[in-house]
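# Descriptive structure summary
Here is what each chain is made of, one letter per residue.
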Amino acid sequence: MELLFLGTGAGVPAKERNVSSIALQLLEERGATWLFDCGEATQHQILHTSIRPRRIENIFITHLHGDHIFGLPGLLGSRSFQGGDTPLTIYGPKGIQAFIEISLSVSYTRLKYDLQVVEIEEGTIFEDERFLVIAKQLDHGIPSYGFRVVEKDLPGTLLVDKLKALGIRPGPIYQQIKLGKTVQLDNGTVIDGRDFVGPPQKGRIVTILGDTRYCEASVELAKEADVLVHEATFAAEDSALAHDYFHSTAVQAAEVAKLAGVKRLILTHISSRYQGTLSEELLEQARELFPNTELASDFSSFIIPRKK
Ligand SMILES: [Zn+2]
Ligand SMILES: [Zn+2]
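As the structure is a prediction and not an experimental result, all values here were calculated from the model. (Residues numbered from 1 in each chain as written. Chains lettered and ligands numbered in written order. Predicted model: local features only at pLDDT ≥ 70, side-chain atom pairs only at ≥ 80, totals over all residues. Heavy atoms only, no water.)

### Observations concerning the overall build of the protein chain
Scanning the protein chain from terminus to terminus reveals eleven helices and 16 strands. Across the 308 residues in the protein chain, those meeting the buried criterion constitute 52%. Considering only residue pairs separated by 6 or more positions, the protein chain has 63% of its internal contacts joining residues 24 or more positions apart. Accessible surface for the protein chain amounts to roughly 14600 Å². Of this, 52% is attributable to carbon and sulfur atoms. Averaged over its 32 positive side-chain charges, the protein chain has a centre that lies 8 Å from the centre of its 40 negative ones. (Helix = DSSP H or I, 4+ residues; strand = E, 2+ residues; numbered from the N terminus. Buried < 20%, exposed > 50% of the residue type's maximum accessible area, 1.4 Å probe, protein only. Contact = heavy atoms within 4.5 Å. Areas by Shrake-Rupley, 256 points an atom, 1.4 Å probe, with all protein chains shown as cover. Lys, Arg positive; Asp, Glu negative; His and termini not counted. Charge placed at Lys NZ, Arg CZ, Asp CG, Glu CD.)

Listed below in structure tokens is the structure:
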């Protein structure tokens, strides 16, 4: 599991930072990439990475501001042109369906794969046997969502050596034991499967928020997450601007991280007014309150290890 930042700027593209997009690489977990937002030229940014558009399985859109969605039509079209034929689902606020339908129809873009668009509300918006994604509304002037990506716990591994020591040979019975069932052996002995399975492997939690002012929903979505990705459009001294434009300062992002008890905070969506060393100041401001903070740049990658 890896976070790869494709665009880390706010509002308009800058030379140093393109507009928003983040890839959550789930190659080991499901052979797929999930995208969060798709600002203009996201497909150009992808060209500099190992991401394959055909592997993109889900795209989660936080909100409909242009710097988060103008890259969608191009990416969707290229994915088809480059032979992508597996289904793709886009989750986003009300209005995303119209945006995609109109962009594709007026440009005569025909996709050779099945595209689903899901207009979301708060709650669980995605779930399968391995993952679930919870959405909640933030505070940004227009509907803006944050996403809590939860990897489900994996069952513990079968303690094969312990079974063999008891003379229990591999066979269909192992499957029963692995499920924690009580089974009777050929010799009449009854064993409890739970005694032969290691502890479950804890799943990871990644919280990725859309643009927002400081709000309670951010803290709830980030509760004890392994990683929180939070916007930091402004520096602490520009908190009045942050408030007026429905954004956060780096310090407010750190407050959310601290209150939620996350392990690690990554700042993104940096205004172009803070370039070079100025952006380092944002990082220092956040670290004063929450030391385990990092500042994302375009193409920054962060591996999210499994909990021990
Ligand atoms: Zn934005
Ligand atoms: Zn916005």
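From this point, things continue past the structure.
### Here's the deal with helix H5 (residues 96-106)
By the burial criterion, the buried members of H5 are Ile96, Ile100, Ser103 and Leu104. For H5, the angular spread of buried residues about the axis comes to 90°, placing them on one side. Along H5, exposed side chains directed more than 90 degrees from the buried face belong to Ile102 and Val106. Remark: Tyr108 follows H5 within two positions and exhibits a positive phi of approximately 50°. (Arc of directions from axis to C-beta.)

### Let's talk about the pattern of salt bridges
Per the stated rule, a full pass over the model turns up 13 salt bridges. Between Asp128 and Arg30 there is a salt bridge, with its nearest N and O atoms 2.7 Å apart. Highlighted residues: Asp128 in the loop between strand S7 (123-127) and strand S8 (131-137) and Arg30 in helix H1 (residues 27-30), separated in sequence by 98 residues. A salt bridge links Asp139 to Arg213; the shortest N-O distance between them is 3.9 Å. Note that Asp139 is positioned in the loop between S8 and strand S9 (145-151) and Arg213 in the loop between strand S12 (205-209) and helix H8 (216-222), a separation of 74 residues in sequence. (Salt bridge = Lys/Arg side-chain N within 4 Å of Asp/Glu carboxyl O.)

### Concerning the domain arrangement of the protein chain
If you check the domain split of the protein chain, you get domain 1 (2-154 + 200-303) and domain 2 (160-195). Its C-alpha centre places domain 1 at a distance of 45 Å from the equivalent point of domain 2. (Domains from an automatic or database assignment.)

### Description of the UniProt feature "domain: Metallo-beta-lactamase" (unreviewed entry) in the protein chain
When the UniProt feature table is mapped to this numbering, "domain: Metallo-beta-lactamase" (unreviewed entry) covers residues 203-270. Regarding residues 203-270, the helix share stands at 35% and the strand share at 21%, and the terminal C-alpha atoms are separated by 30 Å. (UniProt positions renumbered as here; feature names shortened; annotations may be inferred.)

### Details of the sheet that holds strand S14 (residues 265-268)
The pairing of strands in a sheet comes from backbone hydrogen bonds and takes either a parallel or an antiparallel form. Within the open sheet, the seven strands sit side by side as S7-S8-S9-S12-S13-S14-S15. Their pairing is mixed. The outermost strands of the open sheet, each flanked by one partner alone, are S7 and strand S15 (293-295). Strand-to-strand twist of the sheet, defined as the mean angle between neighbouring strand axes without regard to direction, takes the value 20°. As defined by bridge partners, strand S13 (residues 227-231) adjoins S14 across four bridges and the pair is classed as parallel. Along S14, the bridge assignment pairs His230 with Leu267. Seen against the sheet, helix H11 (residues 277-289) touches S14 and S15 and runs at an angle of roughly 170° to S15. (Pairing = 2+ DSSP bridges. Axes fitted to C-alpha atoms, helices over the stretch in contact; angles between N-to-C directions.)

### Section: the layout of surface pockets
Space left empty within the atom packing is revealed by a probe, the size of a water molecule, rolled over the atoms. Here the largest pocket is characterised by a volume of approximately 160 Å³. Taken together, Met1, Glu2, Gln25, Leu26, Leu27, Glu28, Glu29, Arg130, Arg204, Ile303, Ile304 and Arg306 form the lining of the largest pocket. Taken together, the elements giving at least two residues each to the lining of the largest pocket come down to strand S2 (21-26) and H1. Considering each element in turn, the lining of the largest pocket owes the most residues, three residues, to H1. Residues of the lining of the largest pocket, tallied by class, amount to five nonpolar, one polar and six charged. (1 Å grid on protein atoms, 1.4 Å probe; cavity = no way out; pocket = protein on both sides within 12 Å on 5 of 7 lines; lining within 4 Å. Points joined across faces, edges and corners; volume = space filled by probe spheres on them. Nonpolar A, V, L, I, M, F, W, Y, C, P; charged D, E, K, R; others polar.)

### Let's talk about the coordination of the zinc ion (ligand 2)
The zinc ion (ligand 2) binds to the protein through His63 (NE2), His65 (ND1), His140 (NE2) and Asp211 (OD); the donor distances cover 2.2 to 2.4 Å. In this structure, the zinc ion (ligand 2) is surrounded by four donor atoms whose angles at the metal cover 88 to 169°, and the resulting shape is irregular. Here the donor residues for the zinc ion (ligand 2) map to a single chain with the spacing H-x1-H-x74-H-x70-D. The distance between the zinc ion (ligand 2) and the zinc ion (ligand 1) comes to 3.5 Å, and Asp211 binds to both of them. Within this pair, whereas His63 is found in the loop between strand S4 (56-60) and helix H3 (66-69), its partner His140 is found in the loop between S8 and S9, the two being separated by 77 residues in sequence. Residue His63 shares its accessibility class with His140, and that shared class is buried. (Donors = N, O, S within 2.8 Å, 3.2 Å for Na, K, Ca; no water. Tetrahedral: all angles 85-135°; square planar, octahedral: opposite > 155°, others 65-115°.)

### Notes on the packing of aromatic side chains
If you walk through the whole model with that rule in mind, you get ten aromatic pairs. An angle of 55° between the planes, with centres 5.4 Å apart, marks the rings of Trp34 and Phe60 as tilted. You can see Trp34 sitting in strand S3 (residues 32-36) and its partner Phe60 sitting in strand S4, a full 26 residues away along the chain. Comparing Trp34 with Phe60 shows no difference in burial state: the two are buried. Considering the side-chain rings of Phe36 and Phe60, the 5.0 Å spacing of their centres and the 15° angle between planes classify their relative orientation as stacked. Of this pair, Phe36 sits in strand S3 while Phe60 sits in strand S4, placing them 24 residues apart in sequence. Assigned by exposure class, Phe36 and Phe60 land together as buried. (Phe/Tyr/Trp six-rings, centres within 6.5 Å; stacked < 30°, edge-to-face > 60°.)

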